[in-house]
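Below, each chain spelled out in residue letters.
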Amino acid sequence: MDLERAREFLRANHRAVLATSRADGRPQLSPVTCGVDDAGQVLISTRETAIKIKNLRRNPAASLCVFTDGFFGQWVQVDGTAEIISLPAAMDLLIDYYRRISGEHPDWADYRAAMIRDQRCVARITITRAGPDIAG
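Procedures and definitions
Residues numbered from 1 in each chain as written. Predicted model: local features only at pLDDT ≥ 70, side-chain atom pairs only at ≥ 80, totals over all residues. Heavy atoms only, no water. Pairing = 2+ DSSP bridges. Helix = DSSP H or I, 4+ residues; strand = E, 2+ residues; numbered from the N terminus. Core = buried A, V, L, I, M, F, W, Y, C linked by side-chain atoms within 4.5 Å. Buried < 20%, exposed > 50% of the residue type's maximum accessible area, 1.4 Å probe, protein only. Contact = heavy atoms within 4.5 Å. Axes fitted to C-alpha atoms, helices over the stretch in contact; angles between N-to-C directions. Arc of directions from axis to C-beta.

### Quick notes on the pairing of strand β5 (residues 61–67)
Note: strand β1 (residues 15–21) against β5, 5 bridges, orientation antiparallel. From the neighbouring strand, V17 faces β5, where its bridge partner is C65. With 7 bridges joining them, β5 and strand β6 (residues 75–86) adopt antiparallel strand pairing. Within β6, the position partnered with L64 by the bridge is V78.

### Description of the nonpolar core
Membership of the largest hydrophobic core comes to 25 residues, with the highest contact counts inside it found for L10, V42, I44, L64, V78 and I125. When contributions to this core are tallied by element, the ones reaching two or more residues are α1 (3–12), β1, β4 (42–47), α2 (51–58), β5, β6 and β7 (120–131). Here this core takes 5 residues from β7, the largest share from any one element. Filtering out sequence-adjacent residues up to four positions away, I125 remains in contact with L18, Q41, V42, I44, A62, L64, G80, T81 and A82.

### Side note on the sheet that holds β5
Pairing within the open sheet is antiparallel, and its 7 strands lie in the order β2-β1-β5-β6-β7-β4-β3. Among the strands making up the open sheet, the edge pair consists of β2 (27–33) and β3 (35–36). For β1 and β2, the ladder comprises 7 bridges, and the chain directions are antiparallel. Its bridge partner being in β2, V17 is matched across the sheet by P31. On top of the sheet, helix α3 (residues 91–102) reaches β2, β3, β4, β6 and β7; it is set at about 115° to β4, its chief contact.

### A few points about α2
What α2 keeps buried is the set K52, I53, N55 and L56. Around the axis of α2, the buried residues are gathered within 160° of arc, so they sit on the same side. Contact partners of the buried residues in α2: β1, β2, β4, β5, β6 and β7.

What follows is the structure in structure tokens.
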């Protein structure tokens, strides 16, 4: 699948399952929401203490299965390499992420405080592959 076509799907659909690798190599799966920034990278907001972040710091390989709100129907898998952006550098990305998925927040000061309190960070994934390429 063309990478830009996959990005367009992700811009319109935000529900996904993120796959990272545990220390023993087995997959660790996490339900997430995701957005796509202007550079075409996937943004995921999560907590610094989440296992997926520990996994990505050890091995930045990441895969996402993104699907519609209805679950059944179209879906896209993207694979790529993740980088973790922590606070305070992550704040502008967290705001951008929120706007892309939910629009304007009614109280940005409260949002910023919650991001700090919850120890939020951003996993930013550079897409290297997308599919499916065939239907079966």
